[in-house]
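Remarks on the overall topology
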Amino acid sequence: MRVESIETVRRVLCVFPRYTSSFGTFEYAYPLTDGVQAFMPPQGLLLIAAYLPANWPVRFIDENIRPASAEDFEWAEAVFVSGMHIQRQQMNDICRRAHAFDLAVALGGPSVSACPDYYPSFDYLHVGEMGDATNELIARIARDPSRPEQQVVLKTADRLDMTKFPIPAYELAEVKKYFLGSIQYSSGCPYQCEFCDIPGLYGRNPRLKTPQQITAELDKLLECGVTGSVYFVDDNFIGNRKAALDLLPHLVEWQKKTGYVMRLACEATLNIAKRPEILEKMRDAYFITIFCGIETPDPDALKAMHKDHNMMVPILEGIETINRYGMEVVSGIIMGLDTDKPETGEALLAFVDESRIPLLTMNLLQALPKTPLWDRLERENRLINDDRRDSNVDFKLPYDHVVSSWRKCMGIAYQPEKLYARYQYQVDYTYANRIPLPSTPQQKTWANIKRGLIMLGKIFWKVGVLGDYRKVFWKFALSRLRHGDIESLISVTLIAHHLITFARGAARGQEIASNYSLRLGEASVPAE
């Protein structure tokens, strides 16, 4: 549904800020693709764009693809912005540019919802999820689009039921220029991990869309040109296990109907390994990747961060179980925990070798507002407000030791030989467990064939000819070519190239050691 029709017409410009270069945005893979320029379509702004009155003209600009131009600002009567803490400087920069055209600027999303005081320059702050505050913001813009005399803070008290969410306005985004498609099924998580801000922002009782909404959104993504992978951005896909079981048969039927053109991925807690009935249906729906916040293989550390649910099954056993259902595990890893020891880095590298997980997002611990970790460290006077650091935490171990340990782990874990060996294991013992896909007309379109040929050409030239790890690459590539497995060849090479390139920079101290770092002095803004 949209907000009720409003007679007054306003032109709204929705601008999503650029990301600073990071491990998790895969930008080093983009040159090997057929024109990808950004990671995933931002759900929040596209949802708001779809919720605005139907008679309001809306433009959507993702500054990861192109900056908002003077013409865009001249066209607009109001500007809407959203983003996360790591985009804080970029959001403030958008506000500054919009104010140069005397436009009112409204900011929503997770960062302002947690820390309204970070954004004193914005005209409207939308704190919380979509609901009565959203309706009030739209009503105010409808009455008067000019800048208010002082900042207005609107807080959601009555959230809109997710069953009433409109389909995000994917048609406004250049979806073919994204690395992955994105979709949201639920909001909230029942667990209270110390470092996580999700329960504080969105609650512990997951709110849900209906299966019919999800399949309609997938139809819309397909209609707009998304093929390849779609990522469920929910913080825990099994936050409500019964609901996940209800959804999965609908996804299976949708995949059959559309010829299995989508590969699905999600985030879930590791205790999903104890739910074979869910894993079986996920396999049938062609989920191929699960991001699990393993965080650390140290049981004492898991207990300290209140992530005991990761110990409901031995970690390596849980990973192996998920792999048996054809799903590759991607792992979140945190370094700099209070329980870390001088030898923690070596233990982590041993875990990488044992688990054979190819992609582990290693981050330094960062305390986020609205988390128990923030509150505890604040009480202990261990929060550090220094934008030159990679973390705002006063670690128990010396800061330089933690950072150097992170750099060493990145440099070793993502050596081409080690990374491709882990991927070869996945090909042999995980991908082999996926359901055999039927040969369908939807997969054999000329557009898909052309896309694959473009990527293969770039991969063979930039990695196979010019790359300095080409011998490792060709050993893997020739094996895949002999098996006719072009899909794995392309998907593995894209991710591996990013990981190897980023890790090399990290080992040299050229990359930020946390996806959540606020090293604002080095943020790559404004958009050019």
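In short, a report on the structure. (Residues numbered from 1 in each chain as written. Predicted model: local features only at pLDDT ≥ 70, side-chain atom pairs only at ≥ 80, totals over all residues. Heavy atoms only, no water.)

Points about the sheet that holds strand β13 (residues 328-335)
- As summarised here, the arrangement of the 6 strands in space is β7-β10-β11-β12-β13-β14, forming an open sheet in which the pairing is parallel. Two strands close off the open sheet at either side, each with one partner strand: β7 (181-183) and β14 (360-364). Taken pair by pair, the neighbouring strands of this sheet meet at an average axis angle of 20°, ignoring direction.
- Of the pairings in the sheet, the one linking β13 to β14 comprises 5 bridges and is parallel in character. Each residue of the ladder has a partner; that of isoleucine 333, found in β14, is methionine 362. (Pairing = 2+ DSSP bridges. Helix = DSSP H or I, 4+ residues; strand = E, 2+ residues; numbered from the N terminus. Axes fitted to C-alpha atoms, helices over the stretch in contact; angles between N-to-C directions.)

Some thoughts on the environment of alanine 173
- With respect to the helices and strands, the residue alanine 173 is situated in the loop between β6 (152-155) and β7.
- C-alpha of alanine 173 to C-alpha of serine 405: the two residues are 232 residues apart in sequence and 40 Å apart in space.
- Ignoring sequence-local partners within four residues, the contact set of alanine 173 consists of Leu46, Phe60 and Tyr178. (Contact = heavy atoms within 4.5 Å.)

Quick look at the sheet that holds strand β3 (residues 78-82)
- Pairing within the open sheet is parallel, and its 6 strands lie in the order β2-β1-β3-β4-β5-β6. Every interior strand has two partners, whereas the edge strands, β2 (58-62) and β6, have only one. With strand direction ignored, the average angle separating the axes of adjacent strands in the sheet is 20°.
- Both β3 and strand β4 (residues 104-108) contribute to a ladder of 5 bridges, which runs parallel. Bridge assignment links alanine 78 to a residue of β4, and that residue is alanine 104.

A closer look at the pattern of salt bridges
- Scanning the entire structure with this criterion turns up 34 salt bridges.
- As a salt-bridge pair, arginine 376 and glutamate 194 come within 2.6 Å of each other at their nearest N and O atoms. With arginine 376 in helix α13 (residues 372-379) and glutamate 194 in the loop between β8 (186-187) and α6 (198-202), this pair connects stretches of sequence that are 182 residues apart.
- Exposure remark for glutamate 194: the relative accessible area of 10% places this residue in the buried category.
- Two residues, arginine 388 and aspartate 386, come together in a salt bridge whose shortest N-O distance is 3.0 Å.
- Given a relative accessible area of 70%, arginine 388 falls into the exposed group.
- Aspartate 386 gets classed as partly exposed once you look at its relative accessible area, which sits at 22%. (Salt bridge = Lys/Arg side-chain N within 4 Å of Asp/Glu carboxyl O. Buried < 20%, exposed > 50% of the residue type's maximum accessible area, 1.4 Å probe, protein only.)

Here we look at a nonpolar patch on the surface
- Taken together, the side chains of Trp446, Ile449 and Leu453 make up a nonpolar region of the molecular surface, amounting to roughly 350 Å² of accessible area.
- Tracing the backbone through its elements, the reader meets isoleucine 449 in helix α16 (residues 446-465).
- The exposure class of isoleucine 449 is partly exposed, given its relative accessible area of 40%. (Patch = residues over 30% accessible without salt bridge, like charges linked within 9 Å, V, L, I, M, F, W, Y side chains within 5 Å. Areas by Shrake-Rupley, 256 points an atom, 1.4 Å probe, with all protein chains shown as cover.)

A closer look at the side chain of serine 82
- You can see serine 82 is positioned in strand β3.
- Judged by relative accessible area, which is 11%, serine 82 ranks as buried.
- A polar contact of 3.2 Å, which involves the side chain of serine 82, links it to the backbone oxygen of glycine 108.
- Contacts of serine 82, omitting those with residues within four sequence positions, involve Val15, Phe16, Pro17, Leu45, Met91, Leu107, Gly108 and Gly109. (Polar contact = N/O pair within 3.5 Å; in protein donor to acceptor, adjacent residues only side chain to side chain.)

Focus: the nonpolar core
- Ranked by internal contacts, the top residues of the largest apolar core, which has 151 residues, are Phe232, Phe237, Phe287 and Met362.
- It is helix α18 (residues 486-507) that contributes the most residues to this core, 11 residues altogether.
- With sequence-adjacent residues up to four places away left out, phenylalanine 237 is seen in contact with Tyr185, Phe232, Ala244, Leu247, Leu248, Cys266, Glu267, Ala268, Met282 and Phe287.
- Among the nonpolar cores identified, the runner-up in size contains 27 residues, and Val15, Ile61, Ala76 and Met91 belong to it. (Core = buried A, V, L, I, M, F, W, Y, C linked by side-chain atoms within 4.5 Å.)

Describing the environment of serine 355
- Among the structural elements, serine 355 can be located in helix α12 (residues 344-355).
- A polar side-chain atom of serine 355 sits 3.4 Å from the main-chain carbonyl oxygen of valine 352.

Quick word on the packing of helix α7 (residues 211-224) against helix α8 (residues 241-258)
- Relative orientation of the contacting elements α7 and α8 amounts to 30°, with a least axis distance of 9 Å. As the angle between them shows, α7 and α8 are arranged roughly parallel. α8 is crossed by α7, and the crossing has right-handed handedness. Contact with α7, carried on its side by Pro211, Gln212, Ile214, Thr215, Leu218, Asp219 and Leu222, involves Asp246, Leu247, His250, Leu251, Trp254, Lys257 and Thr258 of α8 and no other residues of that element. (Parallel < 35°, antiparallel > 145°, perpendicular 65-115°, else oblique. Left-handed = near helix turned anticlockwise from the far one by under 90°.)

Points about the pairing of β3
- Most of β3 sits out of view: 5 of its 5 residues are buried.
- A two-sided burial pattern is seen for β3, the buried positions comprising Ala78, Phe80 and Ser82 on one face and Val79 and Val81 on the other.
- Pairing of strand β1 (residues 12-16) with β3, which is carried by 4 bridges, proceeds in the parallel orientation. By the bridge assignment for β3, valine 15 is matched with valine 81.
- Running through helix α3 (residues 88-99), the crossover from β3 to the neighbouring parallel element β4 is right-handed. (Right-handed = clockwise from strand over helix to strand, strands pointing away.)

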